[in-house]
Amino acid sequence: MPDVTYTPLDESVDFDAASLNTRFDGVTNAINALQEDAVAPKAFNSTHLPTLLLAEDHDWAHRTSAGTYAEASGWADINDGADLVVDLGGTYTPANSGPVGLIHVKFSAIAQQVGVASPPSASGYRFWVGFRIQSSVTGGVGTYVDIGKTARWVGSRDIDYVGGAQINQNVNVSISTFLDSSDLPSGARYFKAQVWCYDQAASGSSAQAEIFRCQLAAFVLRSQRS
C-alpha cells in the first residue's frame with residue numbers, strides 16, 4: 001500500500017493556487033500507484049477512477065435472412081437488400097485516453113453451407129469463406145479501409161455443392177475486437193462487413209457459401225479522464 005504524504009503549508013508561503021495544489025501531489029501519486037488488489041471491489045466508482053463508458057452514439061445492423069455469395073476476385077460487401085453497415089452518427093477518433101478511448105466492433109454470422117456452386121468434377125478441393133470488417137469516415141464508395149485483424153475464416157466440411165445434398169454445417173462465426181488509434185488513425189464513422197468465398201484449387205468449380213443471421217455492431221467507449 002503506497003504512503004500518502006501531505007506537506008503542510010508554512011506561514012511564510014503565499015496562499016495561492018500553485019502552493020495549494022502542489023500539496024496534493026503526494027496524495028495524487030499515492031492513489032495512482034494503487035494496485036488493483038489493494039482496493040476493495042466497488043470501493044471507487046467512475047467519478048474517482050478512469051473508466052470506459054458506452055457513448056450515447058452507437059448503432060447496430062443485422063440481416064436475418066439467408067444470402068448466398070459466390071467466389072469473386074476478392075472481398076464483397078454483405079448485402080441482403082442493403083449493405084451491412086453501421087453508422088455511428090459522427091466521426092470518432094480513438095485517442096487511447098481522453099474523451100474517446102476505444103471503439104468496440106462486433107460481428108456474428110452463421111456459415112450454413114460452404115462448398116462449390118455446382119456439383120464438383122473432382123475431389124480434393126478446399127473451400128473457405130472469410131469475414132472481415134472495414135471502416136470509413138465518409139461512407140463513400142472507395143473510402144473504406146480494411147481492418148486486417150478482424151478477418152475470420154471457416155472451411156468447408158466436405159466438397160459437396162451449396163444447395164445440393166450437402167449437410168448444413170451451421171458454424172457460428174464471431175468477430176469481437178477493440179480498435180484504438182493504431183487501427184483507426186483518422187477515426188471512423190461507418191463500419192461495414194464483408195465476405196469472401198475462396199477456392200484453393202487453381203482450377204475447378206467456383207466456391208460458394210450460404211450465410212444467414214449476420215449482425216454487426218459498433219460501440220464508442222469513452223474515458224471520463226484524459
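Here is what the cut-offs are and how they apply
Residues numbered from 1 in each chain as written. Predicted model: local features only at pLDDT ≥ 70, side-chain atom pairs only at ≥ 80, totals over all residues. Heavy atoms only, no water. Helix = DSSP H or I, 4+ residues; strand = E, 2+ residues; numbered from the N terminus. Buried < 20%, exposed > 50% of the residue type's maximum accessible area, 1.4 Å probe, protein only. Contact = heavy atoms within 4.5 Å. Areas by Shrake-Rupley, 256 points an atom, 1.4 Å probe, with all protein chains shown as cover. Polar contact = N/O pair within 3.5 Å; in protein donor to acceptor, adjacent residues only side chain to side chain. Salt bridge = Lys/Arg side-chain N within 4 Å of Asp/Glu carboxyl O. Core = buried A, V, L, I, M, F, W, Y, C linked by side-chain atoms within 4.5 Å. Phe/Tyr/Trp six-rings, centres within 6.5 Å; stacked < 30°, edge-to-face > 60°. Lys NZ or Arg CZ within 6 Å of the ring centre and 35° of its normal.

A. Seen up close, the overall build of the protein chain. Across its full length, the protein chain holds two helices and 10 strands. Traced from its N-terminal end to its C-terminal end, the protein chain shows the element sequence α-α-β-β-β-β-β-β-β-β-β-β. A burial count over the protein chain gives 35% of its 226 residues as buried. Long-range contacts, defined as pairs at least 24 residues apart, comprise 80% of the intrachain contacts of the protein chain with a sequence gap of at least 6. Element-wise, carbon and sulfur atoms account for 50% of the exposed surface of the protein chain, whose accessible area totals about 12,600 Å².

B. Main features of the side chain of R132. Mapped onto the elements of the fold, R132 is located in strand β6 (residues 127-136). Given the relative accessible area of 13%, R132 is considered buried. Among the polar contacts made by the side chain of R132, one reaches the side chain of D146 at a distance of 3.0 Å. Those residues in contact with R132 that lie beyond four places of it in its chain are W75, D146, T150, A151, I175, K192, A193 and Q194.

C. Representation of the pattern of salt bridges within the structure. Following the criterion strictly, the structure yields four salt bridges and no others. As a salt-bridge pair, R132 and D146 come within 3.0 Å of each other at their nearest N and O atoms. A residue pair is termed long-range when its members are at least 10 positions apart, and R132 in strand β6 and D146 in strand β7 (residues 145-155) qualify at 14 residues. Residue classification places D146 among the partly exposed residues on the basis of a relative accessible area of 46%. A salt bridge links K149 to D183, with the nearest nitrogen and oxygen atoms 2.9 Å apart.

D. Just the nonpolar core, in detail. Counting 36 residues, the largest nonpolar core has I78, F107, V129, F131 and F191 as its most contacted members. At the level of secondary structure, the elements contributing two or more residues to this core comprise β4 (85-92), β5 (102-116), β6, β7, β8 (171-179), β9 (188-199) and β10 (207-223).

E. Representation of the packing of aromatic side chains. As enumerated under the stated definition, the model contains five aromatic pairs in all. Considering the side-chain rings of F107 and F131, the 5.6 Å spacing of their centres and the 35° angle between planes classify their relative orientation as tilted. A residue pair is termed long-range when its members are at least 10 positions apart, and F107 in strand β5 and F131 in strand β6 qualify at 24 residues. For the pair F107 and F131, one class covers both residues: buried. A ring pair is formed by W196 and Y198, whose centres lie 5.9 Å apart and whose planes are at 75°; its orientation type is edge-to-face. Judged by relative accessible area, Y198 falls into the partly exposed class, the value being 34%. Through successive ring pairs, a cluster of aromatic residues spans W75, W153, W196 and Y198. In this arrangement the basic side chain of K192 is found over the ring face of Y144, its NZ or CZ atom lying 3.8 Å from the centre.

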